[in-house]
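One-letter residues, chain by chain:
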Amino acid sequence: MRNIEQFRYITAAGLDKLVSRLIEDYTVFGTIKKDGFPAFSKITDVKELELAQTPTHLSAKEFLFPQRETLLKFDIRNNIHEAVIEAKEQVIIGLHSCDIHAIALMDRVFAEGRPDANYLARRNKTIIIGSDCMPDNFCFCKSMGTMNAEEGFDLFLHKVKNGYLVRVGSKKGGRLLSRYTATLRPTAGKFRELDESMKIREASFAAKLDAGVEELPAIYEGAYESPVWDKIGAICTGCGSCNNVCPTCYCFDIKDEVRPNLREGARVRVWDGCTLEDFAKVAGGHNFRKTRAERLRHRFNRKFRYLSDRFGELFCVGCGRCSRTCLVKINIVEVTNEIIRESKRAGRK
Amino acid sequence: MKSYESRKEPEENKAEPILETLESPYLPAPGIIERALKVTEKEMLFSVTPLNPRLLDYRPGQFFMVGLPGYGEAPISVTSAPGSKTFELCIRAVGNLTNAIHRLNKGDWLWIRGPFGTSFPLHEMKGKDILFIAGGIGIVPMRSLIKTVLSAKGFGKKTLVYGSKSPGEILFSDEMDEWKERGCDVRLTIDKPHPGWTGNVGVVTTLIPELKLKEGRTVAVVIGPPVMYRFVILSLKERLVGPGEIFVSLERRMKCGVGKCGHCQINGCYVCQEGPVFKLSDLKDLPEAL
């Protein structure tokens, strides 16, 4: 049931005003058109913002978990190490439901056990503004149960004629909205329009998993020795693009950088990827996942089994970015469906 | 630059202090090297006094992330037994960081985080005969346990089976007489014949059949290079020591030590959290483990 109290209506000009005011007070990231494709970027003028219907190639994770961030600064001669926590007030505009689900998962990862102060400080200063979308051929959030976000955002923009139905997801979001722009009580007609576009969206998915989300961990467990891993391992180039574009891939490397004076430097965290060759290699030279097949199996299992054992939720949000970006067209939906078919065949025997 | 302080409302202020007091899990604490001793061609033994005594609160089997600014960090097992004002690290020079550590002297500083990971469950091992099986630098974490067990009461027969590539690579040979005096049967082997070596030749498994093991009374602890585990476990099975009575310590690449970076994962298990010490029977669903 929809709680209509959560919704406000703003005009297109009202959104422009909101965004302009946000730009004055915060660092704002939003979707722009880059070489004809939607991409997240820092925006300094509301005219740059183009809310995109189709997914961005890169996720928005870099704004919460930067590709490179400083963890420590050190002064070698004076034996000083100083923790660095970089966080500034920021807004991300144009996140789709899948991205919002992904951020909620990252929040759990970095808060679990020994909390990661760097991520959590940044997350705490981040305002999330979602916007609605239409699937392309790779999107399969409908199969993953992440097609709609009920929480995890401050505001969510639904496009309707001449303006937006804005869903308020937090007190902070509500305050921003009333402080920065003029809102109206939405009419029943606006909700009908929203229902209509939701219906069209729901009917527009081309990619689909042939099993329910709840069955996937067991299916993946049963597929540990499946021939599919050698099949995709044989064509994988080990480039790590799938890890880079994934909104829930959070593995990282930590390395030291020393300034040319050889006295000061920083310990930095950079993204790493489990599909890269050296990921599981130890100092003595032994590699615990030698083949591309083993590394791909690890990545797929992390999304559908390993992390769900730990957190109780699947770590794939169905954004399709890994399939979209793969140089050799390894497709997460096709691979999973092949495993599902194998499991059904084995079940019949 | 605009200040956001003025915009903040009371409710948001409340959430801030919790985050402000969150310590970075990546900030290391200094330890001063009291002694740096070259013990073999490749290994050095360091005694370290941590400035923060919390670092002395470790148990046999645990590890530290040990680093030097400019060189990074690596997981290093503690080799000393708890209970002293210093701890010992035995480090093999294999990469940039460990080679840099080898250039350090008495009085130099190491940067340390931890202790991390699981330890050997001494309470579960009490009353049993303990069989230590080490290969190569597997003796380094094993020494912490050996020394702890030998100085405690309530353990049965103690036996160490330790294999090295050559006589020159045997670690802690100067301490073994003392271990024998304190009741540990020490049996050494080297991989290939070597001039002047009169002891056993062959991999560690060649020593297992001759041991007197009592079924149901023996706990085996196995630490060595990846290739060693499978064969040792098979030999132990023949001697009726099963997966519920075998403990192992596993090596993996590690960057964070706090269950985030993903490098140490064995299937879905984080070695820095659920390991490095495992009961073998707990690894049965983790095909990547051994």
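All values reported here derive from a predicted model rather than from experimental measurement. Within every chain, residues take consecutive numbers counted from 1 along the sequence as written. Key to labels: chains lettered from A, ligands numbered from 1, both in the order written. Two thresholds apply to this predicted model, a pLDDT of at least 70 for residue-level local features and 80 or more for giving and counting side-chain atom pairs, whereas whole-chain, interface and lining totals are computed over all residues. With hydrogens and water stripped out, all remaining heavy atoms of the structure feed into the side-chain values.

> Would you explain the packing of aromatic side chains in this entry?
Any two aromatic rings considered together are summarised by their centre-to-centre distance and by the angle between their planes. Working definition: a ring pair exists when centres of Phe, Tyr or Trp rings (six-membered ring for Trp) sit within 6.5 Å. Plane angles under 30 degrees give stacked, over 60 give edge-to-face, the rest tilted. One pass over the structure, following the stated rule, counts 19 aromatic pairs over all chains. Aromatic pair Phe7(A) and Phe191(A): ring centres 5.3 Å apart, planes at 85 degrees, arrangement edge-to-face. Of this pair, Phe7(A) sits in strand S1 (residues 7-11) while Phe191(A) sits in helix H6 (residues 188-202), and the two are 184 residues apart along the sequence. Both rings, one in Tyr58(B) and one in Phe64(B), keep their centres 6.2 Å apart while their planes meet at 70 degrees; by these two values the pair is edge-to-face. Members of the aromatic cluster, each reached through a chain of ring pairs, are Phe65(A), Phe110(A), Tyr119(A), Tyr250(A), Phe252(A), Trp271(A) and Tyr26(B). By definition, being over a ring means that NZ of Lys or CZ of Arg is both within 6 Å of the ring centre and within 35 degrees of the ring normal. The ring centre of Tyr224(A) lies 3.7 Å from the NZ or CZ of Arg297(A), which sits over that ring. Sitting over the ring of Phe172(B), Arg143(B) keeps its end group 4.4 Å from the ring centre. The helix and strand labels rest on DSSP assignments: H or I over at least four residues marks a helix, E over at least two residues marks a strand, and numbering proceeds from the N terminus.

> Just to check I follow, could you spell out the interface of chain B and chain A for this structure?
One widely used convention gives an interface's size as the accessible area the parts lose upon coming together. Taken together, the contact pairs 43 residues of chain B with 54 residues of chain A. Note on definitions: buried area is the accessible-area loss of two parts on being combined, 1.4 Å probe, summed for both. A buried area of about 4,600 Å², summed over both sides, lies between chain B and chain A, and 53% of it is on carbon and sulfur atoms. In what follows, salt bridge is the name for a side-chain nitrogen of Lys or Arg lying within 4 Å of a carboxyl oxygen of Asp or Glu. Scanning the region where chain B abuts chain A turns up five salt bridges. Ionic pairing is found between Glu274(B) and Arg310(A), a salt bridge with its closest N-O pair at 2.9 Å. Polar contact criterion, stated in full: a pair of N or O atoms within 3.5 Å, where within protein one must be able to donate a hydrogen and the other to accept it, and residues adjacent in sequence count only if both atoms are side-chain atoms. Between the two partners, chain B and chain A, sit 26 residue pairs in polar contact (both at pLDDT 80 or more). Among the elements of the structure, helix H1 (10-20), strand S4 (72-77), strand S6 (109-116) and strand S14 (269-270) of chain B are those that each provide at least two residues to the side of chain B that touches chain A. The contact criterion used is simple: two residues touch if any of their non-hydrogen atoms lie within 4.5 Å.

> Help me out: how do you make sense of the domain arrangement of chain B in this one?
All names here are of chain B. These domain boundaries are the output of an automatic or database domain assignment. As far as domains go, chain B holds domain 1 (29-115) and domain 2 (122-289). The straight-line distance from the C-alpha centre of domain 1 to that of domain 2 is 22 Å. The partner domain 2 presents 20 residues to the 21 residues of domain 1 that form the contact. With both chains or domains summed, domain 1 and domain 2 bury close to 1,700 Å², and 60% of this area falls on carbon and sulfur atoms. Remark: the boundary between domain 1 and domain 2 carries one salt bridge. Between Arg-143 and Glu-88 there is a salt bridge, and its shortest N-O distance comes to 3.0 Å. Linking domain 1 to domain 2 there are six residue pairs in polar contact (both at pLDDT 80 or more). Residues are grouped as follows: nonpolar covers Ala, Val, Leu, Ile, Met, Phe, Trp, Tyr, Cys and Pro; charged covers Asp, Glu, Lys and Arg; every other residue, Gly included, is treated as polar. Its residues assigned to classes, the side of domain 1 that touches domain 2 shows ten nonpolar, five polar and six charged.

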